[in-house]
Amino acid sequence: MARPEPIQADEAEYRVKAAYIYNFANFVTWPVTVLAAGEPLEVCVLGDNPFGGALEPITSRTVAGRSLRLRYLERAESIEGCRVLFVGSSERYGLGHILEQARQRSVLTVGEIPDFALQGGVIGFVVRDGKVRLEINSRAARRASLKISAKLLEVATIVE
């Protein structure tokens, strides 16, 4: 699928969020049953794409020897193979179903829907005082069999 057009105007904010998404891969460990050694790590965007082209540069990078792939999705049923899933704001009404599908597949869910982490997403972006902040639901991470580094937990607000 071709990259959808951006829906947000704040390019700087989405460059910061894209950098965070890239860095999450350095601070999260997936079960070996879903991410074998050397297998590419797939980053997916479900629904509206607020990033424009800000995520595209990750495809030229690696994390722990893994190449990164980027995929844009229209339906939650297409998440097979995704390891990081950004859930666009357009998906807020089906969020429960999406999060359950992701949990069953050990997918790191990331979103900016209000109270995303409180609703069961793993990492929620929140903008406070003009800065992008993180909320992490450690229970949701455990349920998805994901291990989040203490370094990432230190820079986030923990919610459950």
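Refer to the preceding data block for the structure.
Residues numbered from 1 in each chain as written. Predicted model: local features only at pLDDT ≥ 70, side-chain atom pairs only at ≥ 80, totals over all residues. Heavy atoms only, no water.

### Focus: the pattern of salt bridges
(1) Moving on: Applying the stated criterion across every chain yields a total of 10 salt bridges.
(2) Moving on: Between glutamate 112 and lysine 17 there is a salt bridge, with its nearest N and O atoms 2.5 Å apart. One end of the pair, glutamate 112, is in the loop between strand E6 (108–111) and strand E7 (123–128); the other, lysine 17, is in helix H1 (residues 11–27), with 95 residues separating them in the sequence.
(3) Moving on: Residue class for lysine 17 comes out buried when judged on its relative accessible area of 2%.
(4) Moving on: With its nearest N and O atoms 2.8 Å apart, the salt bridge here joins arginine 71 to glutamate 42. In this pair, arginine 71 is assigned in strand E4 (residues 66–73) and glutamate 42 in strand E2 (residues 41–46), connecting sequence segments 29 residues apart.
(5) Moving on: For arginine 71, a relative accessible area of 25% translates into the label partly exposed.
(6) Moving on: Residue classification places glutamate 42 among the buried residues on the basis of a relative accessible area of 11%.
(7) Moving on: Linked by salt bridges that have partners in common, Glu13, Lys17 and Glu112 make up one network. (Salt bridge = Lys/Arg side-chain N within 4 Å of Asp/Glu carboxyl O. Helix = DSSP H or I, 4+ residues; strand = E, 2+ residues; numbered from the N terminus. Buried < 20%, exposed > 50% of the residue type's maximum accessible area, 1.4 Å probe, protein only.)

### Structural notes on the sheet that holds strand E10 (residues 157–159)
(1) Moving on: With respect to topology, eight strands assemble into an open sheet ordered E3-E4-E2-E5-E6-E7-E8-E10, the strand pairing being mixed. Looking at strand neighbours, the two that pair on one side only are strand E3 (62–63) and E10, the edges of this open sheet.
(2) Moving on: Taken strand by strand, H1 contacts E2, E3, E4, strand E5 (84–87), E6, E7 and strand E8 (131–137), and its axis lies near 145° from that of E7.
(3) Moving on: With respect to the sheet, helix H2 (residues 95–104) is in contact with E2, E5 and E6, its orientation differing from that of E5 by roughly 175°. (Pairing = 2+ DSSP bridges. Contact = heavy atoms within 4.5 Å. Axes fitted to C-alpha atoms, helices over the stretch in contact; angles between N-to-C directions.)

### Quick notes on H2
(1) Moving on: For H2, the complete set of buried residues consists of Leu95, Ile98, Leu99, Gln101 and Ala102. Buried positions in H2, seen along its axis, are confined to an arc of 160° and lie on one side of it. Projecting away from the buried face of H2 at angles above 90 degrees are the exposed residues Gly96 and Gln104.
(2) Moving on: Summarising the contacts, the buried residues of H2 are in contact with E2, E5 and E6.
(3) Moving on: Among the residues trailing H2, serine 106 stands out with phi positive, at a value near 55°. (Arc of directions from axis to C-beta.)

### Digging into the environment of leucine 95
(1) Moving on: With respect to the helices and strands, the residue leucine 95 is situated in helix H2.
(2) Moving on: By relative accessible area, leucine 95 is classed as buried at 2%.
(3) Moving on: Note: C-alpha distance between leucine 95 and glutamate 39 (56 residues apart in sequence) is 28 Å.
(4) Moving on: Non-local contacts of leucine 95, meaning those with residues more than four positions away in its chain, are made with Val87, Ile113, Phe116 and Gln119.

### Here's the deal with H1
(1) Moving on: Spanning 17 residues, H1 covers 25 Å between terminal C-alpha atoms, matching the ideal 24 Å at 1.5 Å per step.
(2) Moving on: All of the buried residues in H1 are Glu13, Tyr14, Lys17, Ala18, Ile21, Tyr22, Phe24 and Ala25. (Expected span 1.5 Å × (residues − 1).)

### Notes on the nonpolar core
(1) Moving on: Counting residues in each nonpolar core, the largest one holds 36 residues, and the members touching the most others are Ile21, Phe24, Leu108, Val110 and Ile123.
(2) Moving on: If you list the elements that add at least two residues to this core, you get H1, E2, E4, E5, E6, E7, E8 and helix H3 (138–143).
(3) Moving on: Per-element accounting of this core gives the leading share, six residues, to H1.
(4) Moving on: Discounting residues that sit within four places of it in the chain, isoleucine 123 has contacts with Phe24, Leu108, Thr109, Val110, Gly111, Phe116, Leu134, Glu135, Ile136 and Leu152. (Core = buried A, V, L, I, M, F, W, Y, C linked by side-chain atoms within 4.5 Å.)

### Some words on the packing of aromatic side chains
(1) Moving on: Counted by the stated rule, this structure contains five aromatic pairs.
(2) Moving on: Seen from their ring centres, phenylalanine 51 and phenylalanine 86 are 4.8 Å apart, and the 75° between their planes marks the pair as edge-to-face. You can see phenylalanine 51 sitting in the loop between E2 and E3 and its partner phenylalanine 86 sitting in strand E5, a full 35 residues away along the chain. The pair formed by phenylalanine 51 and phenylalanine 86 is uniform in burial state, with each residue classed as buried. (Phe/Tyr/Trp six-rings, centres within 6.5 Å; stacked < 30°, edge-to-face > 60°.)

In short, geometric facts, not functional conclusions.
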